[in-house]
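Residue-level structural notes
These are the residues of each chain, in order.
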Amino acid sequence: MEKKNILTYEGLQKLENELHDLKVVKRKEVAQKIKEAREQGDLSENAEYDAAKDEQRDIEARIEEIEKILKNAEVVVEDEVDLDKINIGCKVKIYDCEFEEELEYKIVGSTEANSLQGKISNESPVGRALIGAKVGDMVKAETQAGVLEYKVLEIQRSN
């Protein structure tokens, strides 16, 4: 059985938009590039043709990847997330005991994770440790950097 891809509604929309763009816009663009490269004659030494074919392969691979994610998608309805404990789709404010600083994260499924945007996966060490915790709980996360300790300060809806 394939693993469910847990997505927030925002993550679902983003993937659907990317898929639409790849199928409707990018496919046409790359087909045009291939057509123009073919018109230049000899394909054996045609760098534009090779580059366009590579781009076409990448586009098709990404389309396939997105379709696979969407086929097994389970969307978290963020308005229905239980705010008594941390779960996917909520925003958390935690206190890093070692560095003595407050951090804010949105807990998302692994396909949406982006640490630069403050989105951490429920499957990451910190995300796994936080899932199920309540306000006031002390949580330990085993990471590559060692065991990190956090105190849960706040749980809120992400939208």
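Everything here concerns the structure above.
My aim in this report is to walk through the structure given alongside it, one point at a time. Remember, predicted model here, so these are calculated numbers, not experimental data. (Residues numbered from 1 in each chain as written. Predicted model: local features only at pLDDT ≥ 70, side-chain atom pairs only at ≥ 80, totals over all residues. Heavy atoms only, no water.)

Overall, the coordinates contain ten salt bridges when judged by the stated rule. A salt bridge links K106 to E10, with the shortest nitrogen-to-oxygen separation between them at 3.2 Å. Highlighted residues: K106 in strand β4 (residues 101–108) and E10 in helix α1 (residues 9–38), separated in sequence by 96 residues. K106 sits in the buried class, given a relative accessible area of 9%. Here E154 ties to K93 by a salt bridge, and the two come within 3.7 Å at their closest N and O atoms. With E154 in strand β7 (residues 146–157) and K93 in strand β3 (residues 90–96), this pair connects stretches of sequence that are 61 residues apart. Judged by its relative accessible area of 23%, K93 falls in the partly exposed class. (Salt bridge = Lys/Arg side-chain N within 4 Å of Asp/Glu carboxyl O. Helix = DSSP H or I, 4+ residues; strand = E, 2+ residues; numbered from the N terminus. Buried < 20%, exposed > 50% of the residue type's maximum accessible area, 1.4 Å probe, protein only.)

As a further point, take the nonpolar core. With 20 residues, the main nonpolar core has I86, V92, I94, I107, L130, Y150 and V152 as its most contacted residues. At the level of secondary structure, the elements contributing two or more residues to this core comprise β3, β4, α3 (125–130), β6 (138–143) and β7. In terms of residue count, β7 provides more of this core than any other element does, four residues in total. Apart from the residues lying within four places of it in its own chain, the contact partners of Y150 are I94, Y95, D96, C97, L103, V126, D137, M138, V139 and A141. Of all hydrophobic cores here, the second largest spans 14 residues; its members include L19, A52, I59 and I69. (Core = buried A, V, L, I, M, F, W, Y, C linked by side-chain atoms within 4.5 Å. Contact = heavy atoms within 4.5 Å.)

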